[in-house]
Amino acid sequence: MLTWFACAGLALTVAQAQTFTGGERQFTVLAGGEGDWQGVSYQPTPAKAVPMSFSYQRRSEVQRAGGETLVFTREIIDPATNKPMRMPVARVPWPTGVHTALLVFVPRTAPGVDGMEFDVLAVDDGFQTFPSDSVRVLNVTPATLLGRIGNHETEFKPGISPAFPIADLVVPGKTGVPLALAVRMDTSVMMLYLGPLETRPQTRSLVMVLPPKAAGSRKVRVFTIAQAMPKPTGR
């Protein structure tokens, strides 16, 4: 019999400025599962490595992006020279037309032949695509999930959903926005998560559905990242 487990976490972060002067590109990272994050750095130049902080409960600090491909490395000892060197563990082509990106790092079960340890989903995280007072669902599992958010029924395919305006999801008489996730079985539907999504003024909420933590398990985890947003100018 298939069993599922869903746990909810909430992390409210202080709003981070998302537009550098001159329209420079920027990104944050999220951990899309359990992995070895120790020592993973962003390598904007051969001589510079910026340590990154990976969590599945909050975005990292904002980083400026340089080049058409972002390179992330880990320090190892070169067996030929016995000296430290930086080995690429992820390469991320910058998404076309995007100025603010969210990079979701999904650990591979084993490094590729090229040494890559992570697959990376790069999504548009800008204000226009993901505005204040809205919700997006990030499905990091390989399954298409059946969803009900507010009174809106939908499917969440692997990847990122469009933004749902909170105003369209509020159910009269309910506290917060009702959220339900399920998976279709051979002859039935199995509920994965059911609970209210807390909403606060001038925030946006990213609901992340993670794959099982333990190999061979069929349990999923659900986390909500609520990010405070700056007030519109002129108010």
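The structure this text deals with has already been given above.
Nothing here was measured: the structure is a model prediction, and the numbers come from that model.

Cut-off values and rules
Residues numbered from 1 in each chain as written. Predicted model: local features only at pLDDT ≥ 70, side-chain atom pairs only at ≥ 80, totals over all residues. Heavy atoms only, no water. Pairing = 2+ DSSP bridges. Helix = DSSP H or I, 4+ residues; strand = E, 2+ residues; numbered from the N terminus. Core = buried A, V, L, I, M, F, W, Y, C linked by side-chain atoms within 4.5 Å. Buried < 20%, exposed > 50% of the residue type's maximum accessible area, 1.4 Å probe, protein only. Contact = heavy atoms within 4.5 Å. Axes fitted to C-alpha atoms, helices over the stretch in contact; angles between N-to-C directions. Salt bridge = Lys/Arg side-chain N within 4 Å of Asp/Glu carboxyl O.

**Q** Even after reading the chapter, I still don't get the sheet that holds strand β8 (residues 100-107), so can you show me in this structure?
**A** Pairing is mixed across the open sheet formed by four strands, whose spatial order is β5-β2-β8-β9. Across the chains shown, the open sheet's two edge strands, defined by having one partner strand only, are β5 (63-64) and β9 (118-124). Across seven bridges, β8 lies against β9 in antiparallel orientation. Directly across from F105, in β9, lies its bridge partner V120.

**Q** Could you clarify how one ought to interpret the nonpolar core in this entry?
**A** Grouped burial of nonpolar side chains is what soluble globular proteins tend to show. Residues F27, F54, L70, F72, L103 and F105 are the most contacted members of the largest nonpolar core, which totals 21 residues. Sorting the residues of this core by element identifies β2 (26-31), β6 (69-77), β7 (84-93) and β8 as the ones contributing at least two each. For F54, the residues in contact, after removing those within four places along its chain, are V29, L30, A31, W37, V40 and F105. Core analysis: the next-biggest nonpolar cluster, separate from the first, contains 19 residues, I149, L169, V183 and V207 among them.

**Q** Please clarify how the sheet that holds strand β15 (residues 177-184) should be interpreted in this entry.
**A** Pairing between sheet strands relies on hydrogen bonds along the backbone, with the strands arranged either parallel or antiparallel. Spatially, β12-β11-β15-β16 is the arrangement adopted by the four strands of the open sheet, whose pairing is antiparallel. Because the sheet does not close on itself, it has two edges, and the strands there are β12 (152-156) and β16 (189-197). When the angles between neighbouring strand axes are averaged without regard to direction, this sheet yields 20°. Relative to β12, strand β11 (residues 145-149) runs antiparallel, the two sharing five bridges. When the sheet's bridge partners are listed, I149 is paired in β12 with H152.

**Q** Would you mind showing me how to read the pairing of β11 here?
**A** A regular strand places its side chains on the two faces of the sheet in alternate fashion. Most of β11 sits out of view: four of its five residues are buried. Here β11 pairs with β15 via four bridges, running antiparallel. Counted as the bridge partner of G147 is L181 from β15.

**Q** Would you explain the pattern of salt bridges in this entry?
**A** Between side chains of opposite charge, pairing is possible as soon as their charged atoms come close. Per the stated rule, a full pass over the model turns up ten salt bridges. Between D125 and R204 there is a salt bridge; the shortest N-O distance is 3.2 Å. Taken as a pair, D125 in the loop between β9 and β10 (134-139) and R204 in strand β17 (residues 203-210) lie far apart in primary sequence, 79 residues in all. Of the residues examined, D125 reaches a relative accessible area of 2% and is grouped as buried. By relative accessible area, R204 is classed as buried at 1%.

Note that all results are geometric; they support no functional claim without further evidence.
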